[in-house]
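# Structure assessment
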Amino acid sequence: MARPGLHRRPRLDGPRRKALVLSVLGVFVVAGLLATTVPLLAADDLAVPAGADTTATAVPQDGDNGAKSTLATCPARCDGNPRGAREAVLAFTVGDLPANAVNVRATLRVYAWQRFAATVTVHASAIDARAARPAPAPAGASLDSVAGVARGFNEWDVSGLVRGNGTWTVALAQTGLETRVYWASSEHRDPDLRPRLLLSYDVGTRPSPTMTAPATPSAGPTTAAGRPSVSPSPTRSTPNPTPSTPAGRCGQVSEKLVPSCGAWWGMYTPASAATGWDHGRAVAEVEAQVGRRFDIVHRYHDFSDTGSNGAFPDAYERQQMREGRLLFFAWESRIFSAGTVLTWQDVYSGRYDATIDAVAGRIRAAGVPVFLGFDHEPEDEPAKGSDADFVRAWRHVHDRFAAAGAHNAVWVWTMMGWSGHHHRYAGLYPGDRYVDWVAYDPYNFHVCNGSTVWKSPATTVGGFYRWLDEHGVGAGKPRMLAEFGTNFDAADPTAKRRWFEEFPAALKAHPKIKAAIYFNSAGMTTRSSRCDMTMNHDAAALAGFIRAGQDPYLRQPTGGGR
């Protein structure tokens, strides 16, 4: 999501976190021999919210701790009370780990508003987290400690307790500081601050007794920094059809802009006031750096129907279309200049029909197919309405385009793809007749969102890809990375270059992805000495990105990559 002078910053809880991947073990099976290896394939993490939480204490003045928006910890002597001990008790119900999940890693994340010189240890607990004010109980097995409470999310490794599906209860106990530390509870009004249990795991498969054809080994060499290189996601048995692609040789494109081979290579890069908001120049400068034309140019527009923000396609975009690029318009129900956020009811009520019809007329007049998405990442827009409101608004916009004869609009449904919203995606899907492509926005934020996990390209793109396969949302539709990106690693100056170099292999391992668009905005996050998501922030990163764009898989014989 981007607009002149304003670019999206991810929430600090890192809603795009995925599991750290392990290299896939390549398997050759000679005909007549049985398979003897067990491949391990990294899966998406699960962000499990607390099912119940409370503060255990013998202090009656605390009242109903199970209904409060905060939890508390304090040692036995607390704020001058020799019997003022408090423990934060949290219960998590895990139910989505597959039967073949192995090497389960579990991380508890709880938010504190201030720094404290206290040690907080997490224990297994038998306390009822649903109780209003349970009494403290003897601590169970100690699992992990943090020496010093950080402002923001604090993390504990609870893998020693959480082994699979079930309900798991833990308690936080404090030492070293005789005053209360407060933590956000599951009742806190800001859902981003609520406690979570992050689960990552590998998928193990049993040795097959059947003969299989030889397969190409998929494990790449391990890098000098100890990270495995590209690790393709598991291939799952699924009834979902593969994306409809044109029959014939490479170089053909379907009416819905699906290439017959490989994937489109695209770019969003912002213009600035210094260049007069010349979006054509912004793209041309990046193309000059990378030595090729992008297949897709991504732009973000609003509902103002005026100027470059709302009266699209604008002159820059029309020129880019004439030069053979595909345009992807991400259309947001906002007014950028005024900071106004529209509701989806505003859209489907007919209040903005004149704007919708005007844009549909200009799209029709363009005379070439264009990608169009309405309100990408709607799961991150609570002020706009309910999931059902989004679906109704999407269908309303789609139907008005159809009535206007703008049949060259190719509809792209774009989600964040975060596992914490998996339960919502079926309800946000407008339906197969309203959607042509399914897209999501995966990122390797690394430290930009407070995490320390470095995700390979395969891990970055693989989680929501597998979820779509398993749940049948948008079955048979081509997929797109409407935005993607990576940070750098301050401890490993060549990590970002290698990430880009490994990216084409990750796409090949996820063949339903038929387009990938880099979100090249410094405003994506807070830029710092450890955080920069642009692809050209240093020479090594740029060299890796150039090499990725030279891969034949991303050089279509037709379109911008010629």
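Anything mentioned here points back to the structure above.
The structure reproduced in this document is the subject of the present report. Position labels on residues start from 1 in each chain and follow its written sequence. Per-residue local features of the predicted model are confined to residues with pLDDT of at least 70, and side-chain atom pairs are confined, for both listing and counting, to 80 or more; whole-chain, interface and lining totals are unaffected and use all residues. Only heavy atoms go into the side-chain values, all of them from the structure, while hydrogens and water stay out.

## Digging into the packing of helix α9 (residues 495-508) against helix α10 (residues 539-550)
Let me state the cut-off plainly: Each axis is a line fitted through C-alpha atoms, taken for helices only over the stretch in contact, and angles between the N-to-C directions span 0 to 180 degrees. Helix numbering and strand numbering both begin at the N terminus, where a helix is a DSSP run of H or I of at least 4 residues and a strand a DSSP run of E of at least 2. Roughly parallel covers angles under 35 degrees, roughly antiparallel covers those over 145, roughly perpendicular covers 65 to 115, and oblique covers all other angles. The contact rule is simple, with two residues in contact once any of their heavy atoms fall within 4.5 Å. Each residue gets one label: Ala, Val, Leu, Ile, Met, Phe, Trp, Tyr, Cys and Pro are nonpolar, Asp, Glu, Lys and Arg are charged, and the others, such as Gly, are polar.
Where α9 meets α10, the axes come as close as 7 Å, and the angle between the chain directions of the two elements is 5 degrees. The pairing of α9 with α10 is recorded here as roughly parallel in orientation. Counted together, K496, R497, F500, E501 and P504 of α9 and A540, A541, A543, G544, F545, R547 and A548 of α10 form the full contact between these two elements. When the residues that make up the contact of α9 with α10 are grouped by side-chain class, the tally is seven nonpolar, one polar and four charged.

## Some details on the side chain of Q174
The condition is simple: Here's how the labels work: a residue is buried when its accessible area is under 20% of the maximum for its type, exposed when over 50%, partly exposed in between, all with a 1.4 Å probe on protein chains only. Counted as a polar contact is a pair of N or O atoms within 3.5 Å, where, for protein atoms, one must be capable of donating a hydrogen and the other of accepting one, and residues adjacent in sequence contribute only when both atoms are in side chains.
Positionally, Q174 belongs in strand β12 (residues 166-175). Assessed through its relative accessible area of 3%, Q174 is described here as buried. For Q174, the side chain forms a polar contact with the side chain of T73, separated by 2.6 Å. For Q174, the side chain forms a polar contact with the main-chain oxygen of T179, separated by 2.9 Å. Setting aside its immediate chain neighbours within four residues, Q174 contacts T73, C74, P75, A118, T119, V120, T179 and V181.

## Some thoughts on the sheet that holds strand β10 (residues 142-149)
Note on sheets: strands pair through backbone hydrogen bonds, and any given pair is parallel or antiparallel. For the record, the criterion: For two strands to pair, DSSP has to find at least two bridges joining them.
The sheet built from five strands is open, its strands ordered β5-β7-β12-β9-β10 with antiparallel pairing. For this open sheet the edge positions go to β5 (52-57) and β10, each flanked by a neighbour on one side alone. The sheet shows a mean angle of 20 degrees between the axes of neighbouring strands, taken without regard to direction. Judged from the six bridges that link them, strand β9 (residues 116-124) and β12 form a sheet pairing that is antiparallel. Looking at β12, one finds that H123 is bridged to A171.

## Section: the pairing of strand β20 (residues 370-374)
Put simply, the test is: Looking down the strands as they point away from you, a crossover is right-handed if its path from the first strand over the helix to the second goes clockwise.
Within β20, five of the five residues are buried, leaving the element largely enclosed by the surrounding structure. Inspection of the sheet shows β20 paired to strand β21 (residues 409-415) by three bridges, in the parallel sense. Bridge pairing in β21 links F371 to V410. What joins β20 to β21 is helix α6 (residues 387-403), and the crossover it makes is right-handed.

In short, geometric facts, not functional conclusions.
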